[in-house]
Amino acid sequence: ISGLIIKPNQHIAIVGESGSGKTTLVDLILGILKPSSGDVKISGIAPSLAFRKWPGAVGYVPQDTVIASGSILQNVALGYDSETTDISRVKQCLLLAGLSEFSSEDEAGIYLQTGGSGHKLSGGQKQRIGIARALYTNPKLLVMDEATSSLDGKTEFEISEAINALDESITVILVAHRLSTVREMSKVVYLAGGELVATGEFEEIRKMVPDFDEQAQLM
């Protein structure tokens, strides 16, 4: 996927049919895969070097967020020692992710026990915890891979609103299947067959890509 440049602070949507290369692109950005030709760089260096140089600067939200047995607080600050957890930052991230119901410091808030695999939480709440977790380290780049694809329309809309409301100092790369999730993003990148077909605003892509326009009309 040559020629793709994502500028700082942009909110980018990556779209395309199944098998178009969306997840592969995410894996390249995260350094899970290495390109067979060319380079992938974050602030001028390879992803693996960037992660070592700036720990926590990249947040990642997968399609299915794993919830550990424990409290909301522990799940947002997952992997961090409880003695050094920044409670005020956890509460801020919950608010940013649209989880104000868990932002109080009591047993119904950040100390609520999620149960095994988070069975006390709805699917939307789990995904929002994933967003709050990714935001906890105050990342400069947030990558979301189909993070709303398994949710109902109402919950997806609410999470999309939370994403759009994020601080403009955060660069967001959102891989999405449903077009309703991406229409407010500042730039849309359309992939097909592992190739970059078109980039632009939502309405511009509709004009350039007939298949995309057809999906938009169905939406």
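Residues numbered from 1 in each chain as written. Predicted model: local features only at pLDDT ≥ 70, side-chain atom pairs only at ≥ 80, totals over all residues. Heavy atoms only, no water.

Caption draft 1: Geometry of the packing of aromatic side chains. What the rule picks out here adds up to 3 aromatic pairs. Between Tyr80 and Tyr136, the aromatic rings sit 5.3 Å apart at their centres with planes inclined by 70°, giving edge-to-face as the arrangement. With Tyr80 in the loop between helix H3 (72-76) and helix H4 (87-96) and Tyr136 in the loop between helix H5 (123-135) and strand E3 (141-145), this pair connects stretches of sequence that are 56 residues apart. Residues Tyr190 and Phe212 carry aromatic rings whose centres are separated by 5.9 Å and whose planes lie at 85° to one another, so their mutual orientation is edge-to-face. With Tyr190 in strand E5 (residues 187-192) and Phe212 in helix H8 (residues 210-218), this residue pair connects regions lying 22 residues apart in the sequence. Three or more aromatic residues link up through ring pairs in this structure, and these residues are Tyr190, Phe202 and Phe212. (Phe/Tyr/Trp six-rings, centres within 6.5 Å; stacked < 30°, edge-to-face > 60°. Helix = DSSP H or I, 4+ residues; strand = E, 2+ residues; numbered from the N terminus.)

Caption draft 2: Local environment of the environment of Leu179. Structurally, Leu179 is set in the loop between strand E4 (171-175) and E5. Residue classification places Leu179 among the buried positions, given a relative accessible area of 6%. For the pair formed by Leu179 and Gln215, sequence separation is 36 residues and the distance between their alpha carbons is 7.6 Å. (Buried < 20%, exposed > 50% of the residue type's maximum accessible area, 1.4 Å probe, protein only.)

Caption draft 3: Quick look at the sheet that holds strand E6 (residues 195-200). Across the sheet, which stays open at both edges, the 6 strands sit in the order E2-E3-E4-E1-E5-E6 with mixed pairing between neighbours. Across the chains shown, the open sheet's two edge strands, defined by having one partner strand only, are strand E2 (58-61) and E6. Averaged over all neighbouring strand pairs, the angle between strand axes comes to 15°, with direction disregarded. Relative to E6, E5 is paired through 5 bridges, and the arrangement is antiparallel. In the sheet register, Tyr190 faces E6, and the bridge partner there is Ala198. (Pairing = 2+ DSSP bridges. Axes fitted to C-alpha atoms, helices over the stretch in contact; angles between N-to-C directions.)

Caption draft 4: The arrangement of the pairing of E4 in detail. Of all 5 residues in E4, 5 are buried, a share of seventy percent or more. Burial along E4 is two-sided: Thr171, Ile173 and Val175 facing one way and Val172 and Leu174 facing the other are all buried. Where strand E1 (residues 11-15) and E4 come together, 4 bridges link them in parallel fashion. The residue bridging Ile12 from the neighbouring strand is Ile173, located in E4. As paired elements, E3 and E4 share 5 bridges and run parallel to each other. From the neighbouring strand, Asp145 faces E4, where its bridge partner is Val175.

Caption draft 5: Layout of the nonpolar core. In this structure, Leu94, Leu142, Val182 and Phe212 are the most contacted members of the largest nonpolar core, which totals 44 residues. Sorting elements by how many residues they give to this core places H5 first, with 5 residues. If sequence neighbours within four positions are ignored, Val182 has contacts with Ala13, Val15, Leu174, Ala176, Val188 and Phe202. With 14 residues, the next largest nonpolar core counts Ile12, Ile42, Val143 and Leu191 among its residues. (Core = buried A, V, L, I, M, F, W, Y, C linked by side-chain atoms within 4.5 Å. Contact = heavy atoms within 4.5 Å.)

Caption draft 6: Focus on H4. Considered for burial, the residues of H4 that qualify are Arg89, Val90, Cys93 and Leu94. Projected onto a plane normal to the axis of H4, the buried residues spread over an arc of 140° and lie on a single side. Facing away from the buried side of H4 by over 90 degrees, the exposed positions are Ser88 and Leu95. On its buried face, H4 is in contact with H3 and H5. Looking one or two residues beyond H4, the residue adopting positive phi is Gly98, at roughly 80°. (Arc of directions from axis to C-beta.)

Caption draft 7: Up close: the confidence of the model for the chain. Mean pLDDT over the chain: 88, with 99% of residues reaching 70 or higher. At the low end of the mean pLDDT range in the chain sits helix H6 (residues 153-164), at 76; at the high end sits H3, at 96. (pLDDT = per-residue confidence, 0-100.)

Caption draft 8: Fine view of H8. Along H8, the residues that are buried comprise Phe212, Asp213 and Ala216. Viewed end-on, H8 has its buried residues packed into an arc of 100°, placing them on one side of the element. Opposite the packed face of H8, turned more than 90 degrees from it, sit the exposed residues Pro210, Gln217 and Leu218. Each element contacted by the buried residues of H8 is listed here: E1, E5 and helix H7 (202-208).

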